[in-house]
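Overview (structure and organization)
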Amino acid sequence: MQATGVGRTDEIRVVAPRVSDETVDPERLHLAEWVVSCLESRGATRPGRAAVAALAGRLRPRLLRRGELAFREGERDAGVWIVRSGRLELAVKGRSRPLIVQILRSGGVDGDIQKLLGMPFPYRARALEESECLTMAPHDFEELLGEHPEMSRLWMATMAERLSESHDRIVGMLGRTLTQQSARLLLDEASGGVVDVPQQKLSEMLGVCRPSLNKVLKELEGQGLIRLRYGAVDILDPYGLAQRAD
């Protein structure tokens, strides 16, 4: 590794060596291919082998224990995070309890928008269970996008899609009843017909008290739309639940 001084003389920046697909570890290259598949976006060309190899050389595995923080509110240099397995809870401080912004699952990406906008993280990320992540240092992310335009276009398209989805989700919650908001949240969080999020977390995501949410969920269960069980919700009738969300 080559060390290069930047800014003050007491600061050292580690620069990732230039790599090709012949010199990258096959396992690291496999991880980079997986990241690209997670980033694949409509209208964006898949990056070539050189760009994927450059990504592979910059990825750093990170294993988080349950409850361990990936980054805190206000951090600027936490880099880019991609969830390989497990779940990260993104939350901000509320008056009485944390407010959950989102739960990142396998393939979820964060930190790229903050880096490009030069803004600190507005929330903290905590592992809900043992989670394997891939990270990129801020300067490695900048160099990757600067040196490989096709990777830059793909990443920008992905960020635009994520921002659009977040906007649509916020707009879809405005002026809705708690029943409508709850139904929409369950549909958004479901994977394979299962929402593996406890009711307390769901209530924090909606910003309501748990008893209020529990009452709504019991009504939806009584209508045969969902089934409640410990720590999870099964979606029995997604079409009917979607009607309740509208």
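Refer to the preceding data block for the structure.
A brief look at the structure comes next. What you see is a predicted model, and the numbers here were worked out from it, not measured in a lab.

Moving on to the nonpolar core. Residues Val35, Leu55, Leu59, Ile82, Met136, Met151 and Trp155 are the most contacted members of the largest nonpolar core, which totals 28 residues. At the level of elements, helix 1 (26-39), helix 2 (49-58), strand 5 (80-85), strand 10 (131-136), helix 4 (138-147) and helix 5 (149-173) are the ones that each hand at least two residues to this core. It is helix 1 that contributes the most residues to this core, seven residues altogether. Core analysis: the second largest hydrophobic core is formed by 25 residues, Met205, Leu225, Ile226 and Leu228 among them.

Right, let's talk about the environment of Glu219 for a bit. Within the secondary structure, Glu219 sits in helix 8 (residues 210-222). Classification of Glu219 by relative accessible area gives partly exposed; the value is 39%. Distance in space between the C-alpha atoms of Glu219 and Thr179 is 9.0 Å, their sequence separation being 40 residues.

Bringing the packing of helix 6 (residues 178-189) against helix 7 (residues 199-206) into the picture now. Remark: helix 6 packs on helix 7, axes separated minimally by 11 Å, with the N-to-C direction vectors making an angle of 115 degrees. Read as a crossing pair, helix 6 and helix 7 show a hand that is right-handed. Residues Leu178, Gln181, Ser182, Leu185, Leu186 and Glu189 of helix 6 form the contact with helix 7, whose participating residues are Leu202, Met205 and Leu206. Classifying every residue of the contact of helix 6 with helix 7 gives six nonpolar, two polar and one charged.

Now for helix 6. Given a rise of 1.5 Å per residue, twelve residues ought to cover 16 Å, and the 16 Å separating the end C-alpha atoms of helix 6 matches this to within 8%. Three or more residues of helix 6 are buried, namely Thr179, Gln180, Gln181, Ser182, Ala183, Leu185, Leu186 and Glu189.

Here we come to the sheet that holds strand 10. Taken together, four strands build an open sheet; the order of strands is 3-10-5-8 and the sheet is antiparallel. This sheet does not close on itself; its edge strands, each paired only once, are strand 3 (60-64) and strand 8 (109-110). Bridge count for strand 5 against strand 8 is two bridges, and the pairing is antiparallel. In the strand pairing of strand 8, Trp81 is matched with Asp110.

What follows covers the sheet that holds strand 11 (residues 194-195). With antiparallel pairing, the three strands of this open sheet are ordered in space as 11-13-12. If you trace the sheet from one side to the other, it starts and ends with strand 11 and strand 12 (226-229), each paired once. Note: strand 11 against strand 13 (residues 232-235), two bridges, orientation antiparallel. Residue Val194 lies in a different strand from strand 13, and its bridge partner there is Asp234.

This paragraph deals with the packing of helix 1 against helix 2. Helix 2 packs onto helix 1 with a crossing angle of 110 degrees between their chain directions and a minimal axis gap of 8 Å. Overall, the two elements helix 1 and helix 2 adopt an arrangement that is roughly perpendicular. For helix 1 against helix 2, the interelement crossing comes out right-handed. On helix 2, the residues touching Arg28, Leu29, Ala32, Glu33, Val35 and Val36 of helix 1 are Arg49, Val52, Ala53, Leu55 and Ala56.

Another point: the environment of Ala137. On the secondary structure map, Ala137 appears in the loop between strand 10 and helix 4. A residue is classified by how much of its surface remains accessible, and Ala137, at 28% relative accessible area, is partly exposed.

This brings us to the pattern of salt bridges. Any two side chains of opposite charge can pair, on the condition that their charged atoms come close. Scanning the model with the defined rule gives 19 salt bridges in all. One salt bridge connects Glu40 with Arg46, and the closest N-O pair in it is separated by 2.5 Å. Taking the relative accessible area as the measure of exposure, Glu40 reaches 44% and is therefore partly exposed. Classification of Arg46 by relative accessible area gives partly exposed; the value is 37%. The closest approach of N and O atoms between Arg87 and Glu129, which form a salt bridge, is 3.2 Å. With Arg87 in the loop between strand 5 and strand 6 (88-92) and Glu129 in the loop between strand 9 (124-127) and strand 10, the pair connects residues that are 42 residues apart, well separated along the chain. Among the residues examined, Arg87 registers a relative accessible area of 11% and is labelled buried.

Calculation rules
Residues numbered from 1 in each chain as written. Predicted model: local features only at pLDDT ≥ 70, side-chain atom pairs only at ≥ 80, totals over all residues. Heavy atoms only, no water. Core = buried A, V, L, I, M, F, W, Y, C linked by side-chain atoms within 4.5 Å. Buried < 20%, exposed > 50% of the residue type's maximum accessible area, 1.4 Å probe, protein only. Helix = DSSP H or I, 4+ residues; strand = E, 2+ residues; numbered from the N terminus. Axes fitted to C-alpha atoms, helices over the stretch in contact; angles between N-to-C directions. Left-handed = near helix turned anticlockwise from the far one by under 90°. Contact = heavy atoms within 4.5 Å. Nonpolar A, V, L, I, M, F, W, Y, C, P; charged D, E, K, R; others polar. Expected span 1.5 Å × (residues − 1). Pairing = 2+ DSSP bridges. Parallel < 35°, antiparallel > 145°, perpendicular 65-115°, else oblique. Salt bridge = Lys/Arg side-chain N within 4 Å of Asp/Glu carboxyl O.

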